[in-house]
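Tertiary structure, described
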Amino acid sequence: MQELITRAKELLADGTVSRVLGWKKGDLGWDPEPAYFDKAEELENFIYNPFCGANLSKYLIAAGKLEGTTLVFLKPCDTYSFNQLVKEHRVKKDKTYIIGVGCHGTLDPEKIRNTGVKGIADAVLEGDRVRLNTLYGDKEAAAAEVLLDRCLVCKGKTHVVCDELIGAEPGEEAGPGELAVNRFAQVEELENLPPEERFAFWQEQLSRCIRCNACRNVCPACSCLKCVFDSSQFDSNQKANADTFEEQMFHIIRAFHVAGRCTDCGECSRVCPESIPLHLLNRKFIKDIDTFYGEYQAGADTESKGPLTDFTFEDVEPGIIAERGGGR
Amino acid sequence: MQVENTEFRPKIVAFCCNWCSYAGADLAGSSRLAYPADVKIIRVPCSCRVNPMFILRAFQRGADGVILCGCHPGDCHYTTGNYYARRRMTLLFSMLDYLGVEKGRTRVEWVSAAEGVKFSTTMNEFVAKIHELGKNVRLEDLRCKN
Ligand code: SF4
Ligand code: SF4
Ligand code: FES
């Protein structure tokens, strides 16, 4: 962490960048916040630890409108979101200076609390163990049990874009997070249920939604200035209009809107206060795109066409959905 | 005495592109080919004008089935519109299926301006399918009743 601060100070001092975008200590140890640092002194509050799950790419849309270059710290998976934003002309690479930071997985405070640990102040990942510093002394936990779900299916530790790396090696192997879990396993499980059970599952999940819009607000792929969900003409813009359809409508449209653009960064599921597994909707689209149109990873590059802005003459007909058996 | 009509009359929405399918429907009409009056046609400039939300909205407002008709691939008036629509609808239908909505409630069919017969048989088939599935209860908004 000290290395990151020192380097940020250097870049601020020599004028390469006008501000730094990173994480600062939050009120609670397990809750750091994304923050801008305009002056070297402010960097005293900078922090980088396994609780810094927040993906900073989306902030660069706003930062790009400011004078000068912004220094940003991106974890490997965050760089995919950055690339996707470049592809969509939402951010400019030349107004950004990226330091790729090493990552061994980010932690889920909720999961830690569920193991009975309270008063979390800090954490260090060591191999497949997590050392937890708490108000009640030092504790330990197995990494696989307290990592965020998304880190269990990590895309790998390579930064697809950056100006320099600190604390990361190019081509580094995935850490303890990489448990070789198939990220589509849960999607497949659902697909194999009878339709009535799938319907019941989603009804149960989606009806917990409180329409806080956190999933939309955090998503780097959701960057429209005017969102359909904020329109007063839209029946689904507030929870007071509640009924079962409202949730389905919101969730299908949200997931569809990012289909082909979602990098599977997992931010939406991370921030949902109701722990709704939004990644299962996004991954369904990803899985279908992979099967019907060839494997595609959003954000892997800045040039290629997205699957929904492209086509081939031989594409399958929508009728295939009705023809095939099961939920596949 | 009040007579209650309990027969199920499905509400079917058919989005038809202006250049082929709407003309196909016209031809079906002027050739006196029958198709059920339960089908309500909404004319759109091109099949790719249909946002997935239109389809959801139709269900929300009480449709029991939604069908999208456009020019045959390769014949779109705007050259490639229906190729994009094809991908979008494949993904949308798959998602609806994943959420547990019955598969037969959505359909895409390519109907040219010369295919009045195809238009009428497609609609007859589709209405029969919806009859079989019955009322749409999994995707609708209760407020929009009556
Ligand atoms: S939908 Fe979720 S996983 Fe996908 S890009 Fe947005 S926040 Fe990330
Ligand atoms: S974050 Fe969760 S509760 Fe909030 S709108 Fe999204 S799904 Fe609903
Ligand atoms: S104009 Fe008919 S599908 Fe495009």
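Residues numbered from 1 in each chain as written. Chains lettered and ligands numbered in written order. Predicted model: local features only at pLDDT ≥ 70, side-chain atom pairs only at ≥ 80, totals over all residues. Heavy atoms only, no water.

Some remarks on the site of ligand 1
Residue and element names in this part refer to chain A. Around ligand 1, the surrounding shell consists of Cys219, Pro220, Arg254, Val258, Cys262, Thr263, Asp264, Cys265, Gly266, Glu267, Cys268 and Asn282. Taking a 2 Å distance to the grid points as the criterion, the majority of the atoms of ligand 1 fall inside the largest cavity. For the shell around ligand 1, the per-class residue count stands at six nonpolar, three polar and three charged. (Near = heavy atom within 4 Å. 1 Å grid on protein atoms, 1.4 Å probe; cavity = no way out; pocket = protein on both sides within 12 Å on 5 of 7 lines; lining within 4 Å. Sits in = over half its atoms within 2 Å of the grid points. Nonpolar A, V, L, I, M, F, W, Y, C, P; charged D, E, K, R; others polar.)

Considerations on the sheet that holds strand S4 (residues 96–101) of chain A
All names here are of chain A. Strand order in the open sheet made by the five strands is S2-S1-S3-S4-S8, with mixed pairing throughout. The open sheet is flanked by strand S2 (33–37) and strand S8 (164–166), the only strands paired with a single partner. Each strand axis lies, on average, 30° off the axis of its neighbour in the sheet, ignoring direction. Here S4 runs beside S8; their pairing, made up of three bridges, is parallel. (Pairing = 2+ DSSP bridges. Helix = DSSP H or I, 4+ residues; strand = E, 2+ residues; numbered from the N terminus. Axes fitted to C-alpha atoms, helices over the stretch in contact; angles between N-to-C directions.)

Considerations on the sheet that holds strand S4 (residues 106–110) of chain B
All names here are of chain B. On the basis of which strands lie adjacent, the open sheet formed by four strands has the order S2-S1-S3-S4 and parallel pairing. Only two strands of the sheet have a single partner each, and these edge strands are strand S2 (39–44) and S4. Shown here is a sheet whose adjacent strand axes are inclined to one another by a mean of 20°, direction ignored. Sheet analysis places strand S1 (residues 12–17) next to S2, joined by six bridges and oriented parallel.

Examining the domain arrangement of chain A
Residues and elements named next belong to chain A. When cut into domains, chain A gives domain 1 (1–106 + 153–180) and domain 2 (182–328). Computed from C-alpha coordinates alone, the two centres of domain 1 and domain 2 are separated by 27 Å. On the domain 2 side, the residues contacting the 18 residues of domain 1 number 26 residues. There are one salt bridge connecting domain 1 and domain 2. Here Arg261 and Glu88 are joined by a salt bridge, their closest N and O atoms 2.9 Å apart. For the pair domain 1 and domain 2, the number of links is 13 residue pairs in polar contact (both at pLDDT 80 or more). By residue number, the principal contributor to the side of domain 1 that touches domain 2 is helix H3 (residues 76–87), which donates seven residues. The residue inventory of the side of domain 1 that touches domain 2, partitioned by class, reads eight nonpolar, five polar and five charged. (Domains from an automatic or database assignment. Contact = heavy atoms within 4.5 Å. Salt bridge = Lys/Arg side-chain N within 4 Å of Asp/Glu carboxyl O. Polar contact = N/O pair within 3.5 Å; in protein donor to acceptor, adjacent residues only side chain to side chain.)

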